[in-house]
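Examining the three-dimensional arrangement
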Amino acid sequence: MTIDELMIQLEELLASGADFDRLLETAVQELSRMDPRFHWTGIYELFSDNVLRLGPYVGSPTDHVFIGVGNGVCGTAVAEKRNLNIPDVRQISNYLACSAETRSELVVLIRSGDRIHAQIDIDSHQVAAFNDDAVAMVQRVADWLAKAYEARGGTRLDG
Ligand code: SME
C-alpha cells in the first residue's frame, strides 16, 4: 500500500463509521509495512495526567507502556512540542530503550496547533533511517489522525 492509498483507506473507514481505535490500528499497521526500516511502529496517546500511554503498535513488546512527559525521546517531544528525529539513539542520554537493536527513532506529534493528542513513534535498527521522504509520509498520517481526534470531540485527555 502506498501512502496515498492509506489516506484513502482511512477516509473510507471514517466514512463507514469505523470506531476510532480501528483508525489508529490501521494507520499503525499500514505505516509499519510501508518501509522495511520501520522495525517498531506505534502510537502513544497523551492523557490528562501528562503521561503517554501506549496504543496500537507493530513490533516487539515494550516495557515502556507509560511514559511521563519529559522522559525519553517520546516524552521530550511532548515537553518541547516538536517532532524528534534521532539519527543515533546511542548518542542520547535521555533515551528509553525499547529494543537493544534500535539505532534511530522518529517521533511525529499528532497535534492541533499547540494541543497535542498523541504521537507516532517509529524505531529502526538502522542508523539515520528517517530521511525527508519518510518523515513527510509519517507527517501526513499524523496530520490526518489529528483531524480525526478533533472530529471525535477531543482527546483521551477528556475522558
Ligand atoms: N525509545 C522511546 C521509548 C519507546 S520505545 O522506543 C517503543 C523513548 O525514548 O521515549
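Placed above this text is the structure.
Note that the structure is a prediction, hence the values are computed from the model and not measured.

**Structural notes on helix α1 (residues 3–15)**
Between the first and last C-alpha of α1 there are 18 Å, a value that for 13 residues agrees with the 18 Å anticipated at 1.5 Å per step. Taken together, the buried positions of α1 are I3, L6, M7, L10 and L13. Seen end-on, α1 carries its buried residues on one side only, within an arc spanning 125°. Exposed side of α1, more than 90 degrees from the buried face: E12 and A15 are the residues found there. Against α2 (20–34) and α4 (132–151) lie the buried residues of α1. Taken from the residues just after α1, G17 is the one with a positive phi, measuring 85°.

**Some remarks on the site of the ligand**
Around the ligand, the neighbouring residues are W40, Y44, I67, G72, V73, C74, Y95, L96, C98, E105, D121 and D123. C74 has a polar backbone atom sitting 2.9 Å from an oxygen atom of the ligand. For the ligand, whose accessible area on its own is 300 Å², the fraction buried by protein is 100%. Secondary-structure elements contributing two or more residues to the shell around the ligand are β1 (40–46), α3 (72–79) and β6 (115–124). At three residues, the largest contribution of residues to the shell around the ligand is made by α3.

**As for the pairing of β1**
Most of β1 is tucked away, with seven of its seven residues classed as buried. Of the strand pairs in this sheet, β1 and β6 are connected by six bridges, and their pairing is antiparallel. If you follow Y44 over to β6, its bridge partner there is Q119. Sheet topology note: the β1/strand β2 (residues 51–58) ladder contains five bridges and is antiparallel. Its bridge partner lying in β2, L46 is registered against L52.

**What about the pattern of salt bridges?**
Taken as a whole and judged by the stated rule, the model has seven salt bridges. With a shortest N-O distance of 2.6 Å, R53 and D49 are connected by a salt bridge. Take R53: its relative accessible area is 27%, and that puts it in the partly exposed class. Here E80 ties to R82 by a salt bridge, and the two come within 2.7 Å at their closest N and O atoms. You can call E80 partly exposed: its relative accessible area is 40%.

Reading guide: rules and limits
Residues numbered from 1 in each chain as written. Predicted model: local features only at pLDDT ≥ 70, side-chain atom pairs only at ≥ 80, totals over all residues. Heavy atoms only, no water. Helix = DSSP H or I, 4+ residues; strand = E, 2+ residues; numbered from the N terminus. Expected span 1.5 Å × (residues − 1). Buried < 20%, exposed > 50% of the residue type's maximum accessible area, 1.4 Å probe, protein only. Arc of directions from axis to C-beta. Contact = heavy atoms within 4.5 Å. Near = heavy atom within 4 Å. Polar contact = N/O pair within 3.5 Å; in protein donor to acceptor, adjacent residues only side chain to side chain. Areas by Shrake-Rupley, 256 points an atom, 1.4 Å probe, with all protein chains shown as cover. Pairing = 2+ DSSP bridges. Salt bridge = Lys/Arg side-chain N within 4 Å of Asp/Glu carboxyl O.

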